Amino acid sequence: MHSQSGSSGYKVLEARPEKVKALVAVEPTLGGDQEKVQSIKTTPILVVYGDNARDHPRWSKIRQGGVDYAAVLKSAGGSIDVIDLPDVGIKGNSHMIMMDKNSNVVADLIQKWLVGKGFAE
């Protein structure tokens, strides 16, 4: 899921955790409901942010909300990874990561994460 649809993925996961094997959120605007982390803590979540999310006046606040949510989920024993692409050496990404010139590199990172969680080959 991406951007504004970020809340939809979390809502589906919270409503039917037995139906969601993993959740990948690319620059989501919203995280999940902190009151419902116990019901989803066995589902692995990956959150990916591009180059500008950390320092942008608006997106830095949105990103911080996602980081705060991740901390709550982790403290409940949940599995969530937050990746800022520049921190792992992937640079040049806008908010529309899937449309950037290096989208294949980001897709490979996501695929490797899924494989690491046992969901893909």
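Because the structure is a prediction, the values reported are computed rather than measured. (Residues numbered from 1 in each chain as written. Predicted model: local features only at pLDDT ≥ 70, side-chain atom pairs only at ≥ 80, totals over all residues. Heavy atoms only, no water.)

(A) Here's a closer look at helix α4 (residues 103-116). In this model, α4 (14 residues) spans 20 Å end to end at C-alpha, consistent with the 20 Å of a helix rising 1.5 Å per residue. All of the buried residues along α4 are Val106, Leu109, Ile110, Trp113 and Leu114. Summarising the axial view, the buried residues of α4 lie within an arc of 135°, below the 170-degree limit, and thus occupy one face. Within α4, the exposed residues directed more than 90 degrees away from the buried face are Asn104, Lys112 and Gly116. Where α4 is buried, its residues contact β1 (23-26), β2 (45-49) and β3 (80-84). Just downstream of α4, Gly118 is the residue with a positive phi angle, here 85°. (Helix = DSSP H or I, 4+ residues; strand = E, 2+ residues; numbered from the N terminus. Expected span 1.5 Å × (residues − 1). Buried < 20%, exposed > 50% of the residue type's maximum accessible area, 1.4 Å probe, protein only. Arc of directions from axis to C-beta. Contact = heavy atoms within 4.5 Å.)

(B) Region of interest: the packing of aromatic side chains. A complete count under the given rule lists 1 aromatic pair for this structure. Between Tyr10 and Tyr69, the ring centres sit 5.4 Å apart and the planes meet at 80°, which makes this aromatic pair edge-to-face. One end of the pair, Tyr10, is in helix α1 (residues 6-15); the other, Tyr69, is in helix α3 (residues 59-75), with 59 residues separating them in the sequence. An identical accessibility class is assigned to Tyr10 and Tyr69; each is buried. (Phe/Tyr/Trp six-rings, centres within 6.5 Å; stacked < 30°, edge-to-face > 60°.)

(C) Main features of the environment of Arg54. Within the secondary structure layout, Arg54 lies in the loop between β2 and α3. For the pair Arg54 and Leu85, spaced 31 residues apart in sequence, the C-alpha to C-alpha distance is 11 Å. A distance of 2.8 Å separates polar atoms of two side chains, one belonging to Arg54 and the other to Asp84. Only 2.7 Å separates the side chain of Arg54 from the side chain of Asp87, close enough to count as a polar contact. (Polar contact = N/O pair within 3.5 Å; in protein donor to acceptor, adjacent residues only side chain to side chain.)

(D) How the structure looks around the pairing of β2. In terms of burial, β2 is a largely internal element, 5 of the 5 residues being buried. Burial along β2 is two-sided: the face carrying Ile45, Val47 and Tyr49 and the face carrying Leu46 and Val48 are both buried. Inspection of the sheet shows β1 paired to β2 by 4 bridges, in the parallel sense. What sits directly across from Val26, in β2, is Val48. As judged from the 5 bridges shared by β2 and β3, these two strands associate in the parallel manner. What sits directly across from Ile45, in β3, is Ile80. Traced from β2 through α3 to β3, the parallel crossover comes out right-handed. (Pairing = 2+ DSSP bridges. Right-handed = clockwise from strand over helix to strand, strands pointing away.)

Read these as layout, nothing more, since geometry by itself doesn't imply function.
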